[in-house]
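# What the coordinates show
Spelled out, the chains give:
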Amino acid sequence: MAKRIPGWILGLGRAAMFVAVIGATTSASAQSYGTIKGRLVFGGPTVPAPKVLVAKGDANAKDSAVCASESIISKEMAVDPATKGIEFGVAYIVTPKGKNPEAESKLVAKSKVEIDQKGCEFVPHVSAIHKNQSLVFKSSDPVAHNVHYTAFTNGDLNQMLAPNGSYTQKFASAERRACRLVCDIHPWMIGYFFVFDHPFFAVTKADGSFEIQGVPAGTQNVVVWHETGYVTPGLAKGVAVEVKAGETTDMGEIRLMPKK
């Protein structure tokens, strides 16, 4: 005669099975993402010399007491002499295949991104945000600036910014291209920003490196952009990169060649 198992023990068994299934699902989900990394580097034989936009002490510069207190160096080609890495590039996925809600939530939880106007420069020179974050334009300078950009899907902005003031901008949708940012009062001031509707993007560091984490596994199209143009083949369409679950795909060195 078969021994009867009490109902409460059966209940525990079902609960354990349920927990095991949940655990397996979570583990599988975590393993369905990978990482893309690479490094944007200058492909010429020698590093370009820094370009001075405003020389220190230049009395002819607008608001020279502030804007010429130190030399202002162009960030257009910010190349690290030691590694040839290029800062202020942007790596991103075009029309991602798949989503990562957790990564997106963590990014959006950082509710704002700031672009400062400091020493008569946009700091940082290049920024990237999620459309559900706010972009805060602030000024650490005791002189007036203005924030002027042309957008493709969200409309344009031309906003005066008082000394030590700030202005917050929100976006209804992503932008298809980089938005160029200028200050009409100080014409050497130029910056850029991207607005994405996903979390799969990164701005290159001083050594040119970037890393995009939590990318859905599969074939993704990746763009590496620099203000001088698209660096990866395919221009705005990007280059195909195979992302494997739980692994890092290294795109290696992505070379930006000097203009002839």
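Quick caveat: nothing in here was measured; it's all calculated off a predicted structure. (Residues numbered from 1 in each chain as written. Predicted model: local features only at pLDDT ≥ 70, side-chain atom pairs only at ≥ 80, totals over all residues. Heavy atoms only, no water.)

### Section: the overall build of the protein chain
A count of helical and extended segments in the protein chain gives three helices and 19 strands. Taking the intrachain contacts of the protein chain between residues at least 6 apart in sequence as the baseline, contacts between residues at least 24 apart amount to 65%. With an accessible surface of roughly 14,000 Å², the protein chain has 56% of that area assigned to carbon and sulfur atoms. (Helix = DSSP H or I, 4+ residues; strand = E, 2+ residues; numbered from the N terminus. Contact = heavy atoms within 4.5 Å. Areas by Shrake-Rupley, 256 points an atom, 1.4 Å probe, with all protein chains shown as cover.)

### Some points on the sheet that holds strand β9 (residues 145-149)
Pairing is mixed across the open sheet formed by five strands, whose spatial order is β7-β13-β12-β9-β10. The sheet is open, and its two borders are formed by β7 (126-130) and β10 (157-161), each paired with just one other strand. Across the sheet, the mean angle from the axis of one strand to that of its neighbour is 20°, orientation sign disregarded. Two elements, β7 and strand β13 (residues 190-196), share five bridges in a ladder whose sense is parallel. Following the sheet pairing, valine 126 is matched in β13 by tyrosine 192. (Pairing = 2+ DSSP bridges. Axes fitted to C-alpha atoms, helices over the stretch in contact; angles between N-to-C directions.)

### Describing the pattern of salt bridges
For the coordinates displayed, the defined rule picks out seven salt bridges. Across the pair lysine 112 and glutamate 114 runs a salt bridge, and its minimum N-O distance is 3.7 Å. Between arginine 255 and glutamate 253 there is a salt bridge, with its nearest N and O atoms 2.8 Å apart. Arginine 255 gets classed as partly exposed once you look at its relative accessible area, which sits at 47%. Taken together, the shared-partner salt bridges connect Arg39, Glu253 and Arg255 into one network. (Salt bridge = Lys/Arg side-chain N within 4 Å of Asp/Glu carboxyl O. Buried < 20%, exposed > 50% of the residue type's maximum accessible area, 1.4 Å probe, protein only.)

### A word on the state of the cysteines
Summed over all chains, the structure comprises one disulfide. Through a disulfide, cysteine 67 is tied to cysteine 120; the S-S separation comes to 1.9 Å. Residues cysteine 67 and cysteine 120 are joined by a disulfide whose S-S torsion is about -60°; by sign, that bridge is left-handed. Of this pair, cysteine 67 sits in helix α2 (residues 64-67) while cysteine 120 is found in the loop between β5 (112-117) and β6 (122-123), placing the two residues 53 residues apart along the sequence. Here cysteine 120 falls in the buried class, since its relative accessible area comes to 0%. (Disulfide = S-S within 2.5 Å.)

### Side note on the sheet that holds strand β1 (residues 33-42)
Remark on secondary structure: sheet strands pair via backbone hydrogen bonds, oriented parallel or antiparallel. One open sheet holds the three strands; their spatial order is β15-β1-β19, and the pairing between them is mixed. The open sheet has two edge strands with one neighbour each: β15 (209-216) and β19 (248-256). Strand-to-strand twist in this sheet, taken as the mean axis angle between neighbours without regard to direction, amounts to 20°. Pairing between β1 and β15: six bridges, direction antiparallel.

### Re unusual backbone geometry
That bond from valine 123 to proline 124 is cis: its omega, 0°, falls within 30 degrees of zero. Positive phi, normally seen in glycine, also occurs at lysine 84, with a value near 65°. With respect to the element layout, lysine 84 can be found in the loop between β3 (72-73) and β4 (90-94). The phi dihedral of threonine 95 is positive, around 45°, even though this residue is not glycine.

### Looking at the confidence of the model for the protein chain
A residue-level look at the protein chain finds 88% of positions with pLDDT of 70 or above and a mean pLDDT of 90. The low-confidence segment residues 1-28, where pLDDT is below 50, has one contact with residues more than four positions distant or belonging to other chains. (pLDDT = per-residue confidence, 0-100.)

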